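Report on the structure
The primary structure of each chain is shown beneath.
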Amino acid sequence: MENIAKLLNIKYPLIQGGMANIANHVLASSVSNAGGLGLIASGGDNAESIREKIKLCKKLTDKPFGVNIMLMNPFADEIAQMVIEEKVEVVTTGAGNPGKYMAAWKEAGIKVIPVVPSVALAIRMEKAGADAVIAEGTESGGHIGELTTMALVPQVADAIHIPVIAAGGIADYRQVLAAFSLGAKGVQVGTVLLATKECPVHQNYKDLILKAKDIDTVVTGRQTGAPVRVLKNAMAREYLLKSSKGVSLEELEILTLGSLRRAVFDGDIEKGSFMAGQVSGMIKEIKSVEEVIHDLFDPVEAYIRELKVL
Ligand code: TUI
């Protein structure tokens, strides 16, 4: 397979990242209308709230779109059922193993694309009937695995026979080309879509991405077993200080409780968790979703001709 555009019936081999609390019907339909695969993210929401967004998204686009299910969500079981009822075309999953849902989804004709942080999970997902996997490197924003995109993607591509989609560290056409070079058949992007006109986050969130430098993300939650990459701010510093002093998991949880919502909806620069990837430092202007997607793919062929590496 040349790339995943054919599999997903879309123009560009691009999937939008899940992005809890952010990826609603507006962002998802914008990505789908621009030729990628838009996704409505479940985050911690319940099935009915996502069902509403699916209905709204169907009014905004006649192109394929999907739903991302964050498997640490306590409502994951009901969301897994709801996507069948709503005849969602594509499901991506994150933050866990979707094995127990796979048979029902495949039976319903849903294309299933789990995020995998390791070769072992990729192999398990292929055996369980996944249509493709997203190999997501630790450069990504939000909940992350250990391996870098550079190390993970070729190892996953060598281990399985279904298409691999690269994620983590992709914000321009050079990184798109690198992903294909590593064996990926498509890319998933999140951070670069945060800085778009259509992205429904508080303006302060977008401004923080535009201001960020290369070293401005940190990983919180390594001690609790749920590492999360965020932009450095007072909240992240306090979290890291408290966890280095060995405070209880409960106290850390209280600190982070609702912090993503504070970032996304209130733009609370001090107390919000601004999840974002290491590519934040590359993003210097707000574009439309359509411009972002064109800028990721259109220069690739000319760039291949320009490259003289040996
Ligand atoms: O899921 C993500 N990124 C996310 S989810 C999220 S919401 C959240 N907020 C606070 C704490 C935790 C979550 C924000 N960003 N990316 C996909 C991803 N999946 N990254 C890593 C994984 C993963 C990890 C382990 C996937 C499977 C897995 O399997 C373990 C197992 O059971 O085998």
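Residues numbered from 1 in each chain as written. Predicted model: local features only at pLDDT ≥ 70, side-chain atom pairs only at ≥ 80, totals over all residues. Heavy atoms only, no water.

1. A few points about the overall build of the chain
Within the chain, the secondary structure is distributed over 15 helices and 11 strands. Scaling as 2.2 N^0.38, a compact globule of 310 residues should have a C-alpha radius of gyration of about 19 Å, and the chain matches this with 18 Å. Dimensions of the chain along its principal axes, counting C-alpha atoms only, are 50 × 50 × 40 Å. Once local pairs closer than 6 in sequence are excluded, the contacts in the chain between residues at least 24 apart make up 60%. Per element, the accessible surface of the chain, about 14000 Å² overall, is 54% carbon and sulfur. The positive charge centre, built from 33 side chains, and the negative charge centre, built from 36, are 1 Å apart in the chain. (Helix = DSSP H or I, 4+ residues; strand = E, 2+ residues; numbered from the N terminus. Rg over C-alpha atoms; globule rule 2.2 N^0.38 Å. Contact = heavy atoms within 4.5 Å. Areas by Shrake-Rupley, 256 points an atom, 1.4 Å probe, with all protein chains shown as cover. Lys, Arg positive; Asp, Glu negative; His and termini not counted. Charge placed at Lys NZ, Arg CZ, Asp CG, Glu CD.)

2. Regarding the pairing of strand β2 (residues 38-41)
Burial along β2 is two-sided: the face carrying Gly 38 and Ile 40 and the face carrying Leu 39 and Ala 41 are both buried. Sheet topology places β2 next to strand β3 (residues 65-70); four bridges connect them, and they run parallel. Bridge pairing in β3 places Ile 40 opposite Val 67. Taking the sense of rotation as the criterion, the β-α-β connection linking β2, helix α3 (residues 47-60) and β3 turns out right-handed. (Buried < 20%, exposed > 50% of the residue type's maximum accessible area, 1.4 Å probe, protein only. Pairing = 2+ DSSP bridges. Right-handed = clockwise from strand over helix to strand, strands pointing away.)

3. A word on the site of the ligand
Neighbouring the ligand are 14 residues; Ala 95, Gly 96, Val 115, Glu 136 and His 143 lie closest to it. At 2.9 Å from a nitrogen atom of the ligand is found a main-chain nitrogen or oxygen belonging to His 143. Among the residues forming the shell around the ligand, the class breakdown is eight nonpolar, five polar and one charged. (Near = heavy atom within 4 Å. Polar contact = N/O pair within 3.5 Å; in protein donor to acceptor, adjacent residues only side chain to side chain. Nonpolar A, V, L, I, M, F, W, Y, C, P; charged D, E, K, R; others polar.)

4. Structural notes on a nonpolar patch on the surface
On the surface, a nonpolar cluster with roughly 410 Å² of combined accessible area is contributed by Leu 307, Val 309 and Leu 310. Residue placement: Leu 307 occurs in the segment after α15 (300-306). (Patch = residues over 30% accessible without salt bridge, like charges linked within 9 Å, V, L, I, M, F, W, Y side chains within 5 Å. Salt bridge = Lys/Arg side-chain N within 4 Å of Asp/Glu carboxyl O.)

5. Some points on the nonpolar core
If you look at the biggest cluster of nonpolar residues, it comprises 79 residues, and the most contacted ones within it are Ile 69, Val 83, Trp 105 and Tyr 205. Counting contributing residues, this core receives three or more from each of domain 1 (8-199) and domain 2 (203-280). Excluding anything up to four places from it in sequence, Trp 105 contacts Ile 69, Ala 80, Val 83, Ile 84, Val 91, Thr 93, Pro 98, Ile 110 and Val 112. Listed in part, the 15 residues of the second largest apolar core include Ile 4, Leu 37, Val 115 and Ile 134. (Core = buried A, V, L, I, M, F, W, Y, C linked by side-chain atoms within 4.5 Å. Domains from an automatic or database assignment.)

6. Describing the domain arrangement of the chain
Considered domain by domain, the chain is made up of domain 1 (8-199) and domain 2 (203-280). Once you take the C-alpha centre of each, domain 1 and domain 2 turn out to be 23 Å apart. Summed over both partners, the interface of domain 1 with domain 2 buries about 1500 Å², with 62% contributed by carbon and sulfur atoms. If you sort the residues of domain 1 by the area they bury against domain 2, Asn 21, Thr 191 and Leu 194 come out on top, with a joint share of 31%. (Buried area = accessible area lost by both parts, 1.4 Å probe.)

7. Examining helix α5 (residues 99-107)
When we look at burial in α5, the residues that qualify are Tyr 101, Met 102 and Trp 105. Taken down its axis, α5 places every buried residue within 120° of arc, on the same side. Opposite the packed face of α5, turned more than 90 degrees from it, sit the exposed residues Lys 100, Ala 103 and Glu 107. Lining the buried residues of α5 we find β3, α4 (76-85), β4 (90-94), β5 (111-116) and α6 (119-128). Looking one or two residues past α5, Gly 109 carries a phi angle of roughly 80°, positive in sign. (Arc of directions from axis to C-beta.)

8. Considering the pattern of salt bridges
According to the stated counting rule, one finds 14 salt bridges in the structure shown. The partner of Asp 45 in a salt bridge is Lys 53, with the nearest N and O atoms 3.3 Å apart. Accessibility expressed as a relative area gives 15% for Asp 45, which makes it buried. Two residues, Lys 197 and Glu 291, come together in a salt bridge whose shortest N-O distance is 3.8 Å.

9. Structural notes on the packing of aromatic side chains
Throughout the structure, instances matching the rule amount to four aromatic pairs. Here the aromatic rings of Tyr 205 and Phe 274 are separated by 4.9 Å at their centres, their planes lie at 80°, and the arrangement is edge-to-face. Of this pair, Tyr 205 sits in helix α10 (residues 203-211) while Phe 274 is found in the loop between α13 (259-266) and α14 (289-297), placing the two residues 69 residues apart along the sequence. Side by side, Tyr 205 and Phe 274 carry an identical accessibility label, which is buried. (Phe/Tyr/Trp six-rings, centres within 6.5 Å; stacked < 30°, edge-to-face > 60°.)

10. Observations concerning the sheet that holds strand β11 (residues 228-231)
Taken together, the three strands give an open sheet; going across it, the order is β7-β11-β10, and neighbouring strands pair in antiparallel fashion. If you trace the sheet from one side to the other, it starts and ends with β7 (142-143) and β10 (217-220), each paired once. With two bridges joining them, β7 and β11 adopt antiparallel strand pairing. In the sheet register, Gly 142 faces β11, and the bridge partner there is Arg 229.

11. Overview of the packing of helix α11 (residues 234-244) against helix α12 (residues 249-256)
α12 packs onto α11 with a crossing angle of 180° between their chain directions and a minimal axis gap of 10 Å. By the angle class used here, α11 and α12 are roughly antiparallel. Across from Met 235, Glu 238, Tyr 239, Lys 242 and Ser 243 in α11, the residues of α12 making contact are Glu 251, Leu 252, Leu 255 and Thr 256. Residue classes in the contact of α11 with α12 are distributed as four nonpolar, two polar and three charged. (Axes fitted to C-alpha atoms, helices over the stretch in contact; angles between N-to-C directions. Parallel < 35°, antiparallel > 145°, perpendicular 65-115°, else oblique.)

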